[in-house]
Amino acid sequence: MFGKIQNYNLKENKLEITFEHNTAFIEIISASIINFFAPLKQANHSSTAIEDIKLQETKFEVKKDDFKLTICTEKLKLNVFDNFKVDIYDIDGNILCEDYRGERAPFVKRGVTPKSLELALKEGHKFNSELGEYKFNVLKKLDDNTFFYGFGEKTGHLNKKGYHYKMWNTDSAAPHVESFEMLYKSIPFFITLKDSKAFGVFLDNTFESHFDMGKENSNYYSFGAVDGNLDYYFIYGPSVKEVIKNYTYLTGRTPLPQLWTLGYQQCRWSYTPEERLMEVAKNFRERDIPCDTLYLDIDYMDGYRVFTWDRDKFNNPKNTLAQLKENGFKVVTIIDPGVKKDKGYKIYDEGIENNYFATDKDGVPYINEVWPGASLYPDFTNSKVRSWWGDNQKIIADYGVSGIWNDMNEPASFKGPLPDDVMFDNDGNKISHKEAHNVYGHYMSKATYEGLKKHTNKRPFVVTRACYAGTQKYSTVWTGDNQSLWEHLRMSLPMLMNLGLSGFAFCGTDVGGFGFDCTPELLSRWIQVGTFTPLFRNHSSIFTRDQEPWAFDKKTEDICRKYIKLRYKLIPYFYDLFWKEQSDGLPIIRPLLVHYEKDLNTYEVNDEFLCGDSILVAPIVEQGKTSRMVYLPEGNDWIDYWTKEYFSGGQFIIKKAPLDLCPVYIKAGSMLPNYPVQNYIGEKIIDELTLNIYLSKNDKSINYVHYQDDGESFDYKNGAYNLYNIEVSKAADSIKLKIDQTKNDYKNHYKGFDFNLFTDLKPSSILANSKPIKFTLSDDTISFNVKNVSEVIIK
Ligand code: GLC
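These figures come from a predicted structure and were not determined experimentally.

*Asks:* I'd love a proper account of the UniProt feature "domain: DUF5110" (unreviewed entry) in the protein chain, names of residues and values included.
*Replies:* The feature "domain: DUF5110" (unreviewed entry), as annotated in UniProt, sits at residues 688–757 in this numbering. The annotated region residues 688–757 carries 0% helix and 57% strand content, and the separation between its end C-alpha atoms amounts to 16 Å.

*Asks:* How would you summarise the sheet that holds strand β36 (residues 615–617) if you had to cite specific residues and measurements?
*Replies:* Think of a sheet as strands paired side by side through backbone hydrogen bonds, with each pair either parallel or antiparallel. Reading across the sheet, the 6 strands line up as β34-β35-β36-β41-β38-β39 and stay open at both edges, with antiparallel pairing between neighbours. Two strands close off the open sheet at either side, each with one partner strand: β34 (589–590) and β39 (646–648). The sheet contact formed by β36 and strand β41 (residues 664–667) spans 3 bridges and is antiparallel. Within the sheet, the bridge partner assigned to V617 lies in β41 and is V664.

*Asks:* Explain the domain arrangement of the protein chain to me, using residue names and the numbers behind them.
*Replies:* Its domain assignment divides the protein chain into domain 1 (5–98), domain 2 (135–251), domain 3 (259–338 + 381–584), domain 4 (589–661) and domain 5 (685–794). Here the C-alpha centroids of domain 4 and domain 5 sit 27 Å apart. Across the boundary between the two partners, domain 4 contributes 5 residues, which contact 6 residues of domain 5. Here domain 4 meets domain 5 over a buried area of about 540 Å², counting both sides, of which 61% is carbon and sulfur. When the buried surface of domain 4 facing domain 5 is broken down by residue, I639, K644 and Y646 rank first, second and third, together holding 75% of it. Put simply, domain 4 and domain 5 have 0 salt bridges between them. When the residues that make up the side of domain 4 that touches domain 5 are grouped by side-chain class, the tally is 3 nonpolar, no polar and 2 charged.

*Asks:* Outline the UniProt feature "domain: Glycoside hydrolase family 31 TIM barrel" (unreviewed entry) in the protein chain, listing residues and values.
*Replies:* As recorded in UniProt, the feature "domain: Glycoside hydrolase family 31 TIM barrel" (unreviewed entry) lies at residues 254–577. Spanning residues 254–577, this segment combines 36% helix with 14% strand, and its end C-alpha atoms are found 11 Å apart.

*Asks:* Account for the sheet that holds strand β44 (residues 701–708), naming residues and giving values.
*Replies:* A sheet is described by the order of its strands in space; here 6 strands give the open sequence β44-β45-β46-β52-β48-β49, paired in antiparallel fashion. The two strands at the open ends of the sheet, each matched to only one other strand, are β44 and β49 (771–772). In the sheet, strand β45 (residues 722–730) pairs with strand β46 (residues 735–744) via 9 bridges, with the strands oriented antiparallel. Residue pairing across strands places L723 opposite K743, the latter belonging to β46.

*Asks:* How would you summarise the packing of helix α5 (residues 346–353) against helix α6 (residues 383–397) if you had to cite specific residues and measurements?
*Replies:* Interhelical geometry of α5 versus α6 gives an angle of 165 degrees and a closest axis separation of 13 Å. Relative to α6, the element α5 is oriented roughly antiparallel. α6 is crossed by α5, and the crossing has right-handed handedness. In contact with K346, I347, E350 and G351 of α5, α6 contributes W388, N392 and I395. Here the contact of α5 with α6 is composed, by residue class, of 3 nonpolar, 2 polar and 2 charged.

*Asks:* With reference to specific residues and values, describe the packing of aromatic side chains.
*Replies:* Taken as a whole and judged by the stated rule, the model has 65 aromatic pairs. The interplanar angle of 65 degrees and the centroid separation of 5.1 Å between the aromatic rings of F2 and F84 together place this pair among those described as edge-to-face. On the criterion of sequence distance, the pair formed by F2 in the segment before β1 (5–11) and F84 in the loop between β7 (76–81) and β8 (85–90) is long-range, its members being 82 residues apart. Just as F2 is buried, F84 falls in that class too. For the cation-ring pair, R567 lies above F574, with the distance from its terminal atom to the ring centre recorded as 4.1 Å.

About the criteria used
- Residues numbered from 1 in each chain as written.
- Predicted model: local features only at pLDDT ≥ 70, side-chain atom pairs only at ≥ 80, totals over all residues.
- Heavy atoms only, no water.
- UniProt positions renumbered as here; feature names shortened; annotations may be inferred.
- Helix = DSSP H or I, 4+ residues; strand = E, 2+ residues; numbered from the N terminus.
- Pairing = 2+ DSSP bridges.
- Domains from an automatic or database assignment.
- Contact = heavy atoms within 4.5 Å.
- Buried area = accessible area lost by both parts, 1.4 Å probe.
- Salt bridge = Lys/Arg side-chain N within 4 Å of Asp/Glu carboxyl O.
- Nonpolar A, V, L, I, M, F, W, Y, C, P; charged D, E, K, R; others polar.
- Axes fitted to C-alpha atoms, helices over the stretch in contact; angles between N-to-C directions.
- Parallel < 35°, antiparallel > 145°, perpendicular 65-115°, else oblique.
- Left-handed = near helix turned anticlockwise from the far one by under 90°.
- Phe/Tyr/Trp six-rings, centres within 6.5 Å; stacked < 30°, edge-to-face > 60°.
- Buried < 20%, exposed > 50% of the residue type's maximum accessible area, 1.4 Å probe, protein only.
- Lys NZ or Arg CZ within 6 Å of the ring centre and 35° of its normal.

Laid out in C-alpha cells, this is it:
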C-alpha cells in the first residue's frame, strides 16, 4: 500500500514521510504519545474524540539510514520501515510493539459449504464477521504473554485476547452474550499489557472498524476500518495508569458531577401516571431507603413527542416535580433523538423549516420509525442543530427536571438500519451515515450537555446509551438493555471495568437487570455490586415485574436498605475519586491490574474489582452461592470491611458470604471519608466529616486529601473549594495525626472530624493540640472527635 520510503520532511513535531505510493505522517504529541496518520480519505485529521490537541514540548531526534527512519523521544524509540511498517521500543531497547510481517493464516474452519451455510442461516444461526474487506488493516505481532483490555462496554471477559470486535453502535434487545462483537458504544481504544508494561492504541476513525485481537491467528492481532483515514495513536505507559492518563489527556476526562448524581437512582419503564411516581417516592421515604433520583421513561411524553408532557398522566408536571423536590427527589427524564413526523408539532416544524434533520442522498428529510411511529433524526453533526437541541433542554429544565437521559441514539430504527447514504451536514463538510453513525450519540450528548449547562448553569447530568471515544466529557453511560440474568450480573463487572479503562469513569448497568424477571436473590446481589458502581441505578422494563427494593420480601428489602445506606456513607469517597479523576483520568471502578500490574494473578480477575484504590469488592455473582474465593493482590495487606480481620496480600482466601454479605476488603494503609446516612444528598448539613483509618502493620504513614465544594455549580472552576490534607504517621507506640486545610476558598467548612482508627494499639491517652481528649475503645477501634485541631497524638 505504501511502498519504499523515499524521503522525509520534519516540520515542528510532525514528520512527513514520502513513500513510493503514499504519504504518511508521524506526529510526536508528547514523549509517550505518537500519532500515525495516512490521508487515505482526506488530507487532514478530523477528530470527534479529540477536540483540542495539545502538543507537549518534548525533545526528539530523527535519523535515516538505508533501511529505515529512526525517531527517538525521551521515552520511546521508533523504527519506521518500507510499507509504513513500524516497530516501537522503550528507551532501554525493549520491544513494545512490533508490526507483523508474516502471512495471514486464519485458524482452520472446516465443512462450510454454500448449502450448509444456507441451512444454518435458515435455522437462525449467526456468524461473526471475520476477514472483512477493509480500507486498511494494521497487523501487529502477538506474543503469548500479552493481555488486552479496553474497547468500552464489550461483552465477555476482562481480557480481550482471542476475540474479534466490531465498532458499529448497535441497539440489541437480545440477551447480550460474549459472542457479541458490538453493542451500543464504539470506543476504538485498547490497552496492551505484557511483562508488566503497558501501552494503548486509539484508532481515531468513526467508520465501522474491526479489531481482531488474535482470534484469526494467535501470532498476530490487527485493527482496520472500512473507510476513512489511517489515524491511530500509540500511547505509552509503561504503567496502565499512565496509559489511561495519556489517553484521557487526548480524549478528555469526565467532569466533576453534581453530588446528588452519586446517590441511589430508581428507574422503571415507566413510572406513570403521576400517582405511581409519587407512590414510589413515598415508599422510599416511608421505608427508610435513601434515594436521590427518580426517572421518567418514554410514557411521560405526549405520544412520545420529545420535549412534551402527557397532560393526562401528569396534570401539572411543574407542581409534581416541585413536590418531589421538597421531599429531596430529583427527576431525570428520557429524551430520544427520534422526532415524530407530525405537522403542527413545534419540534418537527422547526426541524423541517431549518433543515435540521438528516436527509436521504437527494436532500429530502430521511424518515424511519421509532417509538412515536414515523420519525426523523436531528442532524447532531451540525453545530446549529446542537445549539437548537441544547436550547430545547430549557423546556424540560424549566419544569424542574434535573438531568437528561439520552437513549436510542445509535441511532436505533425499527424499519431496518439507516441506509449508508443517509446524509449528515457535519458543519458544511457533508458525511454519510457510514461516517456519522458511530458519533451520532456522541454529538447528541454534547448538545444535551451544552444546553443544560447554558440553561441551568449547573454541572449537567446526562446519561447516554450510545457514544464514541471522548463522550466521557459530556455524559455518563449505562450499558443498555441487560437482563435479569446471573450471567449479566457476572458480565457487568468486566464490562464496567473495561469502560473505566476506556475513559468512562462514570458508568453503570441497570441494577437488577432491565429485561426478564428479577428474583429476590439476584436483586440482593446486584444491589451489592451497584453500591460500589459510580452510576447506581435500578432499572427494569415495562414487560417485567416490579424491581424496587421492596418489590419482593422483607429480607430483600433489608439487604437493599443496608447497601444503599452504605453507599450514602461512602459518598465523599466517591466524590474525592471524581475530583482526582479530573487530573489522573483514573476511573472509579478499576480492574485489580491497574494497581497491581506486577502481580500476574490480577490480569484475568473478572469477578472482583477495585472501587478507587482503597476498596476491593469481591461480590457473589452466582445463584445460590454463599462463599467464594477471593484473591487479595500482592503489594498490600487487606482488611475485611465487616470483621476487620487482617490479611496479607498475594493470597487466595475463602470468604463466607451469606445473602446479606458482599465481601469487601479495605487496603491496609488507607483512609475512607464517610458522611452520615441521609435520605438524600443535601438532607443534612454536614459539618463534621468521619474518617475511618485502616492502618497497615507495615507502612509508616498514610496521606489522604479530601475535597469539598458546593456539589453542583461550576464555582470550583474558579477555585471555590476546600482541600483537607490528613496525614497519619505511626511510631512504635504512638500514632500522630495531622489535619491541615490546604485550600480554603469554599465558604462552608467542617467544624470537626470524627475519627475511627482500626488498629491494635491500646492507647492510654489522646492529645489534641496538646490537650487530652475523650475517646472510646471498642474491639480494635479507637474513636474520638476533634474540633479546630491540627495535631492529634495517640499513645
Ligand atoms: C430502551 C432503553 C431502555 C428504556 C426503553 C424505553 O430499551 O435501553 O432503558 O427503558 O428503551 O424507553
